[in-house]
Amino acid sequence: MNGTPITQAMAETPCVGERVPRFQRPHASVPQFTNSPTMIVMVGLPARGKTYISKKLTRYLNWIGVPTKVFNVGQYRRDAVRTYKNFEFFRPDNEEAMKIRKACARSALSDVGTYFMLEHGQAAVFDATNTTRERREIILSYAKDNGYKVFFIESICDDPEIIAENIKQVKLSSPDYIDCDKEEAVADFLKRIECYKVTYVPLDDDKDSHLSYIKIFNVGSRYLVNRVQDHIQSRIVYYLMNIHVTPRTIYLCRHGESELNLVGRIGGDSGLSPRGSQFAGALGKYIKSQSIPDLKVWTSHMKRTIQTAEALGVAYEQWKALNEIDAGVCEDLTYEEIQANYPEEFALRDQDKYRYRYPKGESYEDLVQRLEPVIMELERQENVLVVCHQAVMRCLLAYFLDKSAEELPYLKCPLHTVLKLTPVAYGCKVESVSLNIEAVNTHRDRPAGDEPPCTLLAPPSRHHSRAQPMASPVPTRAPRLQDLGVTSLSLQNVEVSREPEEALLTVPDHI
Amino acid sequence: MNSGEGCSEEIPLPSSPRELTQNPLKKIWIPCKNGLPEKHIFQRKVCMTNCPTLIVTVGLPARGKTYISKKLTRYLNWIGVPTKEFNVGQYRRECVKIYKSFEFFSPDNEEGLKIRKQCASAALNDVRQYLTDEGGQVAVFDATNTTRERRDTITRFAEQNGFKVFFVESVCEDPAVINENIVQVKLGSPDYTHCNTDEAVEDFMKRIKCYENSYQTLDEVLDRDLSYIKIIDVGRRYLVNRVQDHIQSRIVYYLMNIHITPRSIYLCRHGESDMNVKGRIGGDSGLSLRGKDFARRLGQFIQKQDISDLKVWTSQMKRTIQTAEGLNVPYEQWKALNEIDAGVCEEMMYEEIQDHHPLEFALRDQDKYRYRYPKGESYEDLVQRLEPVIMELERQENVLVICHQAVMRCLLAYFLDKSAEELPYLKCPLHTVLKLTPVAYGCKVESIFLNVDAVNTHRDRPENVEVSRMAEEALYTVPAHQ
């Protein structure tokens, strides 16, 4: 299907006598990041950003293809102790509560084990305070017994302003404080922090010198990194050192409507249509009206994005990495022509749009790998406008909105619409701004009928041993139709044997 | 690399968008007026930093400062950031022709101190010239810089000239490491040409002592406003403070991934392919009979080398995978190792390229590094694509990389510090394994031909690269094929 015939063959019959390490899949199609699964263990007082880091890191790792899941012990506690009364629960001398908290931690650890062994997880983020040496020892022996690697992330902050902002952003709206007024909540939370301070033993640079960890001081002004063991830990460190919490906005949009868009052709390097030029002008006006301080503008190397940026009247940078997905032999073709000339390819693409690679071209999976440096730089930057392409924008959006590999290729990214992303609390606020200039629709819906397999239990595809990036899994959430970009449920045929009309059902109109 | 900081200038919106023209060599779209490229007011050149950056090493002698300086410089240049190192010890050697003994470095040797200060100033002057007048973007100031006073001088110098400063301190107290260091690079230093090993070691140890008393390490509190990385015990631990921008972030990432554990990197191409035999470029063909023979011999060679824990990497193209299959060991496929995409010229013979795209053929000979095939890639693009491979190669130990001609040239250029001019013409013949072993400040290369004949795929730069040239002149250096 996607790989060369040899890859396929070898995936089914691994070499005899080959020593395959317990967690390694033979003949991976992409470099293996880890052999053993990794437990990422947060450490720090409350309101130090542990959950923020946990969720963000998990989102990033899933996006680059490392199946990762967060285990928030506070959540386990809330499930066990239905109603939160007050900070007294967290007093170090509250034996009853201590028992419960310990049980929650163990339950979470056990779920980590299940995630690794049965759900093909590769990294688990153990999100709790883990502020005592004793608690960390429990985690370390559990990991040792099971052959997991451990990497600690400790967040240290004594800036009262940062802590106050933190409490405001995420604690006041926590289920724990639903029935409290603001001042009560803040007062209680501060007392909660005091409970932990009594027994807090930070990672010690001498006593813990054999452990692998990163200490983050004051939201990133300083880092201490100790004993990075492998590739994935090195990537985690690099990522953590590039993120920041300064408020900012990211604008994503596609180039204006292009000549090829008008005639329903994919790929190519055409210029803007007249409506596309109109959009470029409107974009310029919109950007000006937003009065964004120090805005960076990025485009791809393709004419249509550059023409769009030209109309803004500001400096812009070209990234080859932002080029549209390479459709290989299908470049410049209409969907009708693809159906006529490559019906099998067309069907295969509908079967697995994320992993499908155009002959002599790329897949969405390849795109994500290509875009990783862009995401890293977006994390470093502040206000940025990215003028790109449909498939590229889908990949970037999937990163910011934590969309799975199944959802990604069907995210709606219409022409002449700007998506304004603002980080807020643990996620991202999205505003969709249509600049009111008509354009063709280039979105080809997912053929529905065969629902996407439950992403939690799907084993890695045999042809590409790198597991699909999953959205950070939430066990109890059923996928909503909106999330899947499915507007109408038509039982469409994705079999290779289908008739041309069936294949072309969802192709949007064009000249 | 297309990234970096910069300010967006406030300019009134143009009434109509400017025309774009595509640069024929790099296939980059730039604004033009009357068909001629306009000076890019709105388009900033590809660059990683606004202000140039001064990297300043800090540490006692024999802590790996020069090793780090050279390696970092090599890496930055390879990814396209013009970088140069300035080794103050080198300036001292040029000033004081003959090195007598450690006494030169004694803290009460006033004459010596004066000379050393002058050398540092001379070096800083050259730094200024490089960064301000010669288009340099990063300068690595390689000296001990062990006192706060010296570092303050450098910081002031940088401020005056609008340079950013990033300190790289190496701290190590492991006597085994220091000893190995001295053996590897000090004994062979020009300072000790006339000494025997014991004398040299003894003198050098005393030299280190001269610095120890006045050594002020970068301090968490006192130096909290500086941007730096402190490397402790050859990478067991790092302290990173106030990374200011993209280039510093990349430098930190690189420094945190390199190591000095002895190892070997084996580079080779796939076995001879059917396309090779026909003189065609690109494509995704399988191995010829001779190519398969090479794969077998490669397997035998690897076995005989008896390499511990060897990782084998291939591209995702049939010919490298077929070659790896002959080794009977697990291997990993990297799409990033795929051969350069020749776009519209894929699967053509050079004769056909000359026939159908004579202009492109000439442009490529004019600047083979930057030239991008229409709908394809350039060597410059390849380097960007290969950067994660290099980063992972740095992390790994023993690795065999089975790749392709252009890819191998890029990787080789990184290890052997070859310029953009030399890179596209590096000789990487089929059926030959290059064994690279890091030694001292560089890399030892052994070339091992596995005794299976193959076509030559190396095309030298012809004499005439003008667009107006005759076909024969263009095809003069095309190697023989079926």
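Not measured: the values here are computed from a predicted model. (Residues numbered from 1 in each chain as written. Chains lettered and ligands numbered in written order. Predicted model: local features only at pLDDT ≥ 70, side-chain atom pairs only at ≥ 80, totals over all residues. Heavy atoms only, no water.)

Student: Help me out: how do you make sense of the overall build of chain A in this one?
Tutor: Within chain A, the secondary structure is distributed over 16 helices and 12 strands. In chain A, which comprises 511 residues, the proportion classed as buried is 61%. Look at the contacts in chain A between residues 6 or more apart in sequence, and 72% of them connect residues 24 or more apart. Of the accessible surface of chain A, which amounts to about 20,700 Å², a share of 52% is contributed by carbon and sulfur atoms. (Helix = DSSP H or I, 4+ residues; strand = E, 2+ residues; numbered from the N terminus. Buried < 20%, exposed > 50% of the residue type's maximum accessible area, 1.4 Å probe, protein only. Contact = heavy atoms within 4.5 Å. Areas by Shrake-Rupley, 256 points an atom, 1.4 Å probe, with all protein chains shown as cover.)

Student: Quick question: what am I supposed to make of the UniProt feature "binding site: substrate" (unreviewed entry) in chain A here?
Tutor: Residues and elements named next belong to chain A. The UniProt feature table records "binding site: substrate" (unreviewed entry) at Arg-254, His-255, Gly-256, Glu-257, Ser-258, Glu-259, Leu-260, Asn-261 and Arg-304. These annotated residues cover 51 residues of sequence, and their C-alpha atoms lie no more than 14.1 Å from one another, placing them together at a single site. Topologically, Glu-259 is positioned in helix H9 (residues 259-262). Overall, the relative accessible area of 38% leaves Glu-259 in the partly exposed class. Beyond its immediate stretch of four places on either side in the chain, Glu-259 contacts Ser-270, Gly-271, Leu-272, Ser-273 and Pro-274. By the element assignment, Asn-261 lies in helix H9. Contact partners of Asn-261, with chain neighbours within four places excluded, come to Arg-254, His-255, Gly-256, Leu-415, Val-440 and Thr-442. Of the polar contacts made by the side chain of Asn-261, one reaches the backbone nitrogen of Ser-258; its length is 2.9 Å. (UniProt positions renumbered as here; feature names shortened; annotations may be inferred. Polar contact = N/O pair within 3.5 Å; in protein donor to acceptor, adjacent residues only side chain to side chain.)

Student: Would you mind going over unusual backbone geometry with me for this structure?
Tutor: A negative phi angle characterises most non-glycine residues, just as the trans form characterises most peptide bonds. We note that A:Asp402 has phi near 60 degrees; this positive angle belongs to a residue other than glycine. Take A:Asp402: it is sitting in the loop between helix H15 (390-401) and strand S11 (417-424). Given the relative accessible area of 24%, A:Asp402 is considered partly exposed. Although it is not a glycine, B:Ala440 sits at a positive phi angle of roughly 50 degrees. Assignment of secondary structure puts B:Ala440 in the loop between strand S14 (432-439) and strand S15 (442-449).

Student: Mind showing me how you'd approach the sheet that holds strand S12 (residues 332-333) of chain B here?
Tutor: Through backbone hydrogen bonds, the strands of a sheet pair up, either in parallel or in antiparallel fashion. Residues and elements named next belong to chain B. In spatial order, the strands read S12-S11-S13-S10-S14-S15; together these 6 strands make up an open sheet with mixed pairing. The open sheet is flanked by S12 and S15, the only strands paired with a single partner. Strand direction decides the pairing type here: S14 and S15, joined by 8 bridges, are antiparallel. Its bridge partner being in S15, Lys-435 is matched across the sheet by Glu-446. (Pairing = 2+ DSSP bridges.)

Student: Teacher, can you tell me more about the sheet that holds strand S4 (residues 53-58) of chain B here?
Tutor: In space, the 12 strands of this open sheet follow the order S2(A)-S3(A)-S1(A)-S4(A)-S5(A)-S6(A)-S9(B)-S8(B)-S7(B)-S4(B)-S6(B)-S5(B), with mixed pairing throughout. Looking at strand neighbours, the two that pair on one side only are strand S2 (68-72) of chain A together with strand S5 (83-87) of chain B, the edges of this open sheet. On average, each strand axis in the sheet is tilted by 15 degrees relative to the strand beside it, whichever way the strands run. Bridge count between S5(B) and strand S6 (residues 138-142) of chain B: 5 bridges; the pairing is parallel. Among the inter-strand pairings, B:Phe86 is bridged to a residue of S6(B), identified as B:Phe141. On the sheet, helix H2 (residues 50-63) of chain A packs against strand S1 (38-43), S2, strand S3 (123-127), strand S4 (149-156) and strand S5 (213-217) of chain A and is oriented at approximately 160 degrees with respect to S2(A). Those strands touched by helix H7 (residues 246-255) of chain B are S4, S6, strand S7 (164-171), strand S8 (228-232) and strand S9 (237-241) of chain B, and its axis lies near 15 degrees from that of S7(B). (Axes fitted to C-alpha atoms, helices over the stretch in contact; angles between N-to-C directions.)

Student: Looking at this structure, I do not really get the packing of H2(A) against helix H8 (residues 231-240) of chain A. What am I missing?
Tutor: The description of two helices packed together rests on the angle between their axes and the distance between the axes. All names here are of chain A. Contact pair H2 / H8: the axes reach a minimum separation of 11 Å and the direction vectors enclose 120 degrees. Considered as vectors, H2 and H8 are oriented oblique to each other. Relative to H8, the crossing made by H2 is right-handed. On H8, the residues touching Ile-53, Lys-56, Leu-57, Tyr-60 and Leu-61 of H2 are Ile-232, Arg-235, Ile-236, Tyr-239 and Leu-240. Class assignment of the residues belonging to the contact of H2 with H8 gives a composition of 8 nonpolar, no polar and 2 charged. (Parallel < 35°, antiparallel > 145°, perpendicular 65-115°, else oblique. Left-handed = near helix turned anticlockwise from the far one by under 90°. Nonpolar A, V, L, I, M, F, W, Y, C, P; charged D, E, K, R; others polar.)

Student: Hey, could you run me through the UniProt feature "active site" (unreviewed entry) in chain A in this one?
Tutor: Residue and element names in this part refer to chain A. When the UniProt feature table is mapped to this numbering, "active site" (unreviewed entry) covers His-255 and Glu-324. A maximum C-alpha distance of 10.7 Å places the annotated residues, which cover 70 residues in sequence, within one compact spot. With respect to the helices, strands and loops of the structure, His-255 is situated in the loop between strand S7 (250-254) and H9. Residue classification places His-255 among the buried residues on the basis of a relative accessible area of 2%. Beyond its immediate stretch of four places on either side in the chain, His-255 contacts Asn-261, Phe-279, Arg-304, Thr-305, Thr-308, Val-387, Cys-388, His-389 and Leu-415. A polar side-chain atom of His-255 sits 3.3 Å from a polar atom in the side chain of Arg-304. For Glu-324, the position within the fold is in the loop between strand S9 (317-318) and helix H12 (335-341).

Student: What should I look at first to understand the UniProt feature "active site" (unreviewed entry) in chain B in this one?
Tutor: All names here are of chain B. Per the UniProt record, "active site" (unreviewed entry) is annotated on His-270 and Glu-339. Structurally, His-270 can be placed in the loop between strand S10 (265-269) and helix H8 (274-278). In this structure the side chain of His-270 is engaged in a polar contact, spanning 3.4 Å, whose partner is the side chain of Arg-319. Structurally, Glu-339 is set in the loop between S12 and helix H11 (350-356). On the accessibility criterion, Glu-339 (14% relative accessible area) is buried. Excluding anything up to four places from it in sequence, Glu-339 contacts Met-317, Arg-319, Glu-377, Arg-385, His-404, Gln-405, Ala-406 and Val-407.

Student: What exactly am I supposed to notice about the pattern of salt bridges here?
Tutor: Between side chains of opposite charge, a pair can form as their charged atoms come close. One pass over the structure, following the stated rule, counts 53 salt bridges over all chains. With a closest N to O distance of 3.3 Å, B:Lys26 and B:Glu380 form a salt bridge. A residue pair is termed long-range when its members are at least 10 positions apart, and B:Lys26 in the loop between strand S1 (19-22) and strand S2 (29-33) and B:Glu380 in helix H13 (residues 379-395) qualify at 354 residues. In this structure B:Lys26 comes out as partly exposed when scored by relative accessible area, which is 25%. B:Glu380 gets classed as partly exposed once you look at its relative accessible area, which sits at 28%. B:Asp191 is the partner of B:Arg207 in a salt bridge, and the nearest nitrogen-oxygen pair spans 3.3 Å. Residue B:Arg207 is located in helix H6 (residues 197-212), and its partner B:Asp191 is located in the loop between helix H5 (175-186) and H6; the two are separated by 16 residues in the primary sequence. The burial state of B:Arg207 is the same as that of B:Asp191; both residues are buried. One connected set of salt bridges, linked through shared partners, spans A:Arg77, A:Arg78, A:Asp176 and A:Arg192. (Salt bridge = Lys/Arg side-chain N within 4 Å of Asp/Glu carboxyl O.)

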